[in-house]
Amino acid sequence: MSVFDVGSPPAVFAAVAAGAAIKYMAGFLLRAPKPKQYRYVGKVGEIWIFPVKSIRGISVQEADIEQLGLEWKGVGDRQWVVMKPNGKFVCQRQYPKMVLIRQSIQGDEIELQAPDMEPIRFPVHPKLDRSNVRKVTVWDDTVDALDMGDEVSNWLSRYLKVEGLRLGFSESSLEKRDAADMQKPWETHTKKGDVCAFPDYCSYMILSQASVDFLNTKLSKPVPVSNFRPNIVIHDCQPFDEDTWSSVKIGDSQLRGLDPCIRCTMPTVDQSTGTKDRDGEPVATLKKLRMVEPYKSDGPIFGFNYAFDKSGTIRVGDPVYAMSK
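Note that this is a predicted model, so its numbers are computed, not measured.

Caption draft 1: Structural context of the sheet that holds strand β10 (residues 133-138). Read across the sheet, four strands follow the order β6-β12-β11-β10 without closing on themselves; strand pairing throughout is antiparallel. Among the strands making up the open sheet, the edge pair consists of β6 (80-83) and β10. With direction set aside, neighbouring strand axes in the sheet form an average angle of 50 degrees. Inspection of the sheet shows β6 paired to strand β12 (residues 166-169) by four bridges, in the antiparallel sense. Bridging across to β12, Val82 finds its partner in Leu167. Packing against the sheet, helix α2 (residues 150-160) makes contact with β6, β11 (141-147) and β12, and its axis sits at approximately 130 degrees to β12.

Now the structure itself:
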């Protein structure tokens with residue numbers, strides 16, 4: 001009788017051993033973590049671009065995802081910044097009337113309009129003149145910016161009633177700010193090269209309409225999504241889903257989640273009047289709902305910051321796919 005004949009002791013042993021091995025491997029495979037995959041999480045509801053930082057944004061139907069931020073008609077997000085004579089940037093926190101300045105793209109120019117002011121235009125692609133480059137400071141970063149000249153700067157000074165304001169432009173060859181250089185007391189997922197021009201922190205901010213809707217159920221006076229100045233508004237998801245995505249794909253583009261957006265006083269600016277809410281809303285309510293460790297020492301969180309990973313064109317209505325943390 002062969003040792004491998006059915007019923008022989010070696011054959012029985014081999015069968016038992018094989019069965020045990022199969023059972024072990026099956027158990028291992030079932031226990032092993034499955035690789036994370038992208039899943040449908042909603043659709044693009046709105047797209048906003050803010051060529052000049054801290055004035056009213058432009059709602060668009062499509063835009064390009066690029067390293068420095070959204071681009072539309074060749075114009076980049078937050079590529080221009082208003083600054084004081086000492087180079088410190090200014091925004092709606094100090095001058096809430098900035099929200100009443102409307103910006104639009106008119107051919108190869110940007111036009112600004114404001115109450116009781118004649119419209120003014122300046123070029124989208126001004127020629128670099130090194131003699132007109134000055135330093136601008138956005139929070140802890142100081143970089144070069146091309147001064148856009150006296151005409152538009154004086155216009156801004158007259159409207160805001162602030163002497164000596166200047167408008168600076170992050171011309172393509174000038175140094176950019178890098179989100180990886182910003183020190184935060186919590187983990188972020190920045191990488192060297194997560195560059196931007198003049199946003200507060202990084203090149204993209206995503207917010208869901210569901211989060212805004214949830215907040216509005218807690219407010220006596222609802223606020224529009226524009227109070228929070230997101231680049232991309234997601235529809236058809238649950239409130240605060242955007243906090244849970246480590247990576248987002250829209251079409252060919254891909255964005256990487258960094259950390260939550262900490263809210264200051266800017267969302268208290270009424271978009272129609274250019275005045276701050278006297279009760280500090282909606283931030284006062286956010287402080288009751290969204291003070292989350294380890295961020296609460298800096299303020300409430302609402303929306304999520306993202307960095308560029310892959311370029312592509314996005315459109316309102318596009319499906320959004322995300323990978324969970």
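Next comes the rest of the description.
Caption draft 2: Highlighting the layout of surface pockets. Each pocket or cavity is described by its volume, and for the largest pocket that value is around 890 Å³. Lining the largest pocket are 33 residues, with Arg93, Trp139, Asp200, Tyr201 and Ile262 sitting closest to its centre. Per element, the largest residue contribution to the lining of the largest pocket is three residues, and it comes from strand β18 (residues 253-262). Partitioning the lining of the largest pocket into residue classes produces 17 nonpolar, five polar and eleven charged. Computed from the structure, the second largest pocket encloses a volume of approximately 280 Å³. Forming the boundary of the second largest pocket are 20 residues, of which Lys221, Val223, Asp270, Asp277 and Glu281 lie nearest the centre.

Caption draft 3: Inspection of the nonpolar core at higher detail. Among the nonpolar cores identified, the biggest contains 54 residues, and Trp80, Leu112, Phe122, Leu167 and Ile232 are the most heavily contacted of them. Top element by residues in this core is α2. It accounts for five residues. Discounting chain neighbours no more than four positions away, the residues touching Leu112 are Ile55, Ile101, Arg102, Gln103, Pro119, Ile120, Phe122, Val152, Trp155 and Leu156. One finds Met205, Val212, Leu215 and Cys261 within the second-largest nonpolar core, a separate group that totals 15 residues.

Caption draft 4: Just helix α3 (residues 209-216), in detail. For α3, a buried count of six out of eight residues is recorded, marking the element as mostly surrounded by other parts of the structure. Residues of α3 that are buried: Gln209, Ala210, Ser211, Val212, Leu215 and Asn216. Where α3 is buried, its residues meet β1 (39-49), β15 (204-208), β16 (232-235), α4 (283-289) and β19 (301-310).

Thresholds, definitions, all that
Residues numbered from 1 in each chain as written. Predicted model: local features only at pLDDT ≥ 70, side-chain atom pairs only at ≥ 80, totals over all residues. Heavy atoms only, no water. Pairing = 2+ DSSP bridges. Helix = DSSP H or I, 4+ residues; strand = E, 2+ residues; numbered from the N terminus. Axes fitted to C-alpha atoms, helices over the stretch in contact; angles between N-to-C directions. Contact = heavy atoms within 4.5 Å. 1 Å grid on protein atoms, 1.4 Å probe; cavity = no way out; pocket = protein on both sides within 12 Å on 5 of 7 lines; lining within 4 Å. Points joined across faces, edges and corners; volume = space filled by probe spheres on them. Nonpolar A, V, L, I, M, F, W, Y, C, P; charged D, E, K, R; others polar. Core = buried A, V, L, I, M, F, W, Y, C linked by side-chain atoms within 4.5 Å. Buried < 20%, exposed > 50% of the residue type's maximum accessible area, 1.4 Å probe, protein only.

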